[in-house]
2 protein chains.
Amino acid sequence: MADMLSELDRYIEEHLAESLEDLRRLTAIPSVSSKGEGIADAANFVRDLLEGEGFEAKVMPTDGNPVVYADSGERGNASPTLLCYNHYDVQPAEPLDLWDSPPFELTERDGRVYARGVSDDKGQLISRIAAIRAVRAVAGGLPQRVKFLVEGEEEVSSPSLDAFIEANRDLLAADACVWEFGGVDPDGRPEVVLGLRGILYVEYRVRTLSRDAHSGSAHNLPNAAWRLVRALNTIQAADGRVLIPGFYDAVKGPTDTDLQLMAGMPSSEAFNREHFGVKEFVNGHTEMDYITAVFEPTANIAGIGAGWQGQGSKTVIPAYAMAKMDFRLVPDQDPDDLFARLRKHLDEQGFSDVEVVKLGGERSAVTPGDDPFVQLTARLASEVYGKPAVIDPLVGGTGPVYPFRAYLGTPIVTLGPGDPLSNAHSPNESMSIEAFKLGTHHMARLLLEYGAQS
Amino acid sequence: MADMLSELDRYIEEHLAESLEDLRRLTAIPSVSSKGEGIADAANFVRDLLEGEGFEAKVMPTDGNPVVYADSGERGNASPTLLCYNHYDVQPAEPLDLWDSPPFELTERDGRVYARGVSDDKGQLISRIAAIRAVRAVAGGLPQRVKFLVEGEEEVSSPSLDAFIEANRDLLAADACVWEFGGVDPDGRPEVVLGLRGILYVEYRVRTLSRDAHSGSAHNLPNAAWRLVRALNTIQAADGRVLIPGFYDAVKGPTDTDLQLMAGMPSSEAFNREHFGVKEFVNGHTEMDYITAVFEPTANIAGIGAGWQGQGSKTVIPAYAMAKMDFRLVPDQDPDDLFARLRKHLDEQGFSDVEVVKLGGERSAVTPGDDPFVQLTARLASEVYGKPAVIDPLVGGTGPVYPFRAYLGTPIVTLGPGDPLSNAHSPNESMSIEAFKLGTHHMARLLLEYGAQS
């Protein structure tokens, strides 16, 4: 086994240039889903790349951008099937003037490669392919069946993925799933994330007048901003608790296993206090309360606007006011149900005139921390990185994890070449070459050891 | 007397071209106070104009734009002194593309003259000068002492006027004052306004983070928009009542005379319901409640802004939020006192972190409806216009009426050539030539009859 590990390392090192060339070609395609650019080119490139590795690959239509599906084919043994979830779309590169090198030309500097998508998510995909090559070279073949689901709408909230997975349950059937992102924390400890929160994103709109009015009439003419402020104020208490009746009905909170895992997690409390200049966190959260609060759903005003926001004074009664709000949801909360409850709540509070428009919704899902696949991934991470893995039962952000858990029933883990300096979604997105090698090695070990199970 | 009235009419008619030429020259000076343009030119022009009428006139410095002061000199008799308050500054002409003729070239169309300031307030000033000329021609001289105070900052809230009047009480001493605006309502009835509300204008600023954050951390990172919404919500109840302790201490409400006058006033209720598409007025005001509500001070959100206000969804925790608020004040409320109370209220409610910046403050003042000068002005208005005058004890807007009442003790009335089609502050500002003649006649009658008193 020690020999095989050295061989893995040597193979990954010797074939690094090949992987970076794959990555250079893939990142050269500006597949920005929010602009609809480069979508077909990127999908075809990924299909060809996986076909080149011996996969049976195809570009499959969805209600939106196509999915690349690939299958290594049945193995002769009874080993489990592993599904890799990735995406070929990227965030826009703008603002372009903040890039130190062209965003769609892979550039190497100081041990990192720079390009839009190099970390999120094209480097992750290329790392998995590099791991498959290494395993084939070292073990003489792929010891288990591997499938790829590479979508093209992750950066625009995966609107077509739920229906695609539900409609293709048999095709996508697998025993475990490796999620699209993964890597190390600021201390270099490998992180295994088990779940993401869901979301309900809404816009509030209220109009009290057909046109703005002079505020000398404020004793009679109704003000849209006041109306909105009063409506919003009924939605959340000062301690962060959401006041919509039934909002917490489905909320179960962390399990004992989740609590045990979180007790062993490093905390971002000190970093966030410093980085964001926070005097007091929401509801006074600190220490374990700070960590476990991720299991509390939130109502966040993402934006609000009405009337005069420029310099100095203008005496106007705003006719119209708007606000955007994202509710981050925890497992078992249903955004459609909560949207209906929100509407009912506003009606009951006397705000039938406040329009609520749903702009998006996804459900949360988590993998149980005691799942054997989680334990295997974490153990291998600790061995590869030489540091104990951090298992994070739930992160605050949102991703399309629900259809994988609900329709395919796979446990989900994260691993890969990400690190805190990646600047995903920002200018000068990058990937550490050292992190690429470690993440690829970790993936290769998982393929070998999970494949050895039967 | 009937002869003299016909002579007044004839003189005003025959010398109309002369007055319009004065107006043409004055409106050609783009004296936009908010831009600091044309100030000295306009002040000098007004001084020269009044000197040409035999007044002793001078341009006097203030902390801001200069004031033109003029005095007709002592009369031989004991008749009262009349003070005319006007202003030579104007609003910006923008947006220029909405004007049908150049804003600083007086243009006549269909019985109206068009130019920036033609109604607010240069036409008013020229009308008063035309009235003085008519009286001199018809009565053989000015039967009373007349003073002019023509300021240059009315369109930017008269920041220097209070101190100027307080410092020049003796110079400005008078028995009555004719206010800068005045005219007829939509039914052609002459309006005599006796008071304006005060104002306290503030900006709220709250910062909870040193930079915007991803809303996946909303369970821990404090949201500036939520903070502001909660703070604002403590300031006003849903029925419009302001919740700051002591806010109503000085409020006395309308007098019996005010109530009698308001009972005889036409209401803008139907017009505003239609023009602004209002379903329900603040606190359900209707009929007399709608009219008397002007005696209730208000807290108006003039603007609010934080986070993402563009298209679609963005998941951000706003680090910073702001709002603008104008409190319209009634007689005896002191903006400085209320500003201190507002700060104290926010502190007591736990919002010491919400900064409040004062952007402006003026006190309200009213003239008693039973003042003989008011009664005289209204009686003459009814005779000149052939319709009963409307006496309005308090209008919703704000103007620098307080120093006139407090330091000079003069009753104040409105009269002049304004009408509802004037588009003051808007493109295509205009003045009706017929209204000019009637307003000038009314002013001339007031000079004659008030001057005859002793």
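**Quick word on the relation of the copies chain B and chain A**
The two copies are related by a screw operation: chain B maps onto chain A through 180° of rotation and 0.0 Å of translation along the axis, at an RMSD of 0.0 Å. Here the transformation between the copies is reduced to the relation of a two-fold axis. The position closest to the rotation axis in chain B is occupied by the C-alpha of Gly305(B), lying 2.2 Å away. Taken as a fraction of all interface residues of chain B, those also at the interface in chain A reach 100%, which identifies the copy contact as same-surface.

**Some remarks on the packing of helix α2 (residues 16–27) of chain A against helix α4 (residues 122–139) of chain A**
All names here are of chain A. Packing of α2 against α4 leaves a shortest axis separation of 10 Å and a crossing angle of 145°. Here α2 runs over α4; the crossing is right-handed. Facing α2, whose interface residues are Ser 19, Asp 22, Leu 23, Leu 26 and Thr 27, α4 presents Lys 122, Gly 123, Ile 126, Ile 129 and Ala 130.

**Details of the interface of chain B and chain A**
On the chain A side, the residues contacting the 63 residues of chain B number 63 residues. Listed by contribution, the elements that provide at least two residues to the side of chain B that touches chain A are β11 (213–214), α7 (224–233), β12 (298–307), β13 (316–317), β14 (320–329), β15 (355–362) and β18 (395–398) of chain B. Class assignment of the residues belonging to the side of chain B that touches chain A gives a composition of 29 nonpolar, 27 polar and seven charged. Sheet topology places strand β12 (residues 298–307) of chain A next to β12(B); five bridges connect them, and they run antiparallel. Looking across to β12(B), one finds that Ile304(A) is bridged to Ala306(B).

**Considerations on the sheet that holds strand β20 (residues 430–432) of chain A**
Residues and elements named next belong to chain A. With respect to topology, three strands assemble into an open sheet ordered β4-β5-β20, the strand pairing being antiparallel. Two strands close off the open sheet at either side, each with one partner strand: β4 (107–109) and β20. Strand-to-strand, the axes of this sheet are offset by a mean angle of 25°, without reference to chain direction.

**Considerations on the domain arrangement of chain A**
Many analyses report the size of an interface as the accessible area lost when the parts associate. Residues and elements named next belong to chain A. Domains assigned within chain A are domain 1 (2–194 + 367–452) and domain 2 (197–251 + 296–362). The C-alpha-based centres of domain 1 and domain 2 are spaced at 38 Å. Among the elements that take part in the side of domain 1 that touches domain 2, strand β18 (residues 395–398) stands out by supplying three residues, more than any other. Considered class by class, the residues forming the side of domain 1 that touches domain 2 number three nonpolar, four polar and no charged.

**A look at helix α14 (residues 433–452) of chain B**
Compared with an ideal rise of 1.5 Å per residue, which puts 20 residues at 28 Å, α14(B) spans 29 Å between its outermost C-alpha atoms and is within 8% of the ideal. Counting buried residues in α14(B) gives 15 out of 20 residues, a clear majority hidden from the surface.

**Some points on unusual backbone geometry**
Omega for the peptide link from Glu94(B) to Pro95(B) comes to 0°, which places this bond in the cis form. By the element assignment, Pro95(B) lies in the loop between β3 (82–87) and β4 (107–109). Here the bond from Asp120(B) into Asp121(B) is cis, since omega is 15°, no more than 30 degrees from zero. The topology assignment puts Asp121(B) in the loop between β5 (112–114) and α4 (122–139). A positive phi angle, close to 50°, is found at Glu287(A), a residue other than glycine. Locating Glu287(A) in the fold gives a position in helix α10 (residues 287–292). We classify Glu287(A) as exposed; it has 9 C-beta atoms within 10 Å.

Rules used throughout
- Residues numbered from 1 in each chain as written.
- Chains lettered and ligands numbered in written order.
- Predicted model: local features only at pLDDT ≥ 70, side-chain atom pairs only at ≥ 80, totals over all residues.
- Least-squares fit on C-alpha atoms with pLDDT ≥ 70 in both.
- Contact = placed C-beta atoms within 7 Å.
- Axes fitted to C-alpha atoms, helices over the stretch in contact; angles between N-to-C directions.
- Helix = DSSP H or I, 4+ residues; strand = E, 2+ residues; numbered from the N terminus.
- Left-handed = near helix turned anticlockwise from the far one by under 90°.
- Nonpolar A, V, L, I, M, F, W, Y, C, P; charged D, E, K, R; others polar.
- Pairing = 2+ DSSP bridges.
- Domains from an automatic or database assignment.
- Expected span 1.5 Å × (residues − 1).
- Buried ≥ 20, exposed ≤ 12 C-beta atoms within 10 Å, placed from the backbone.

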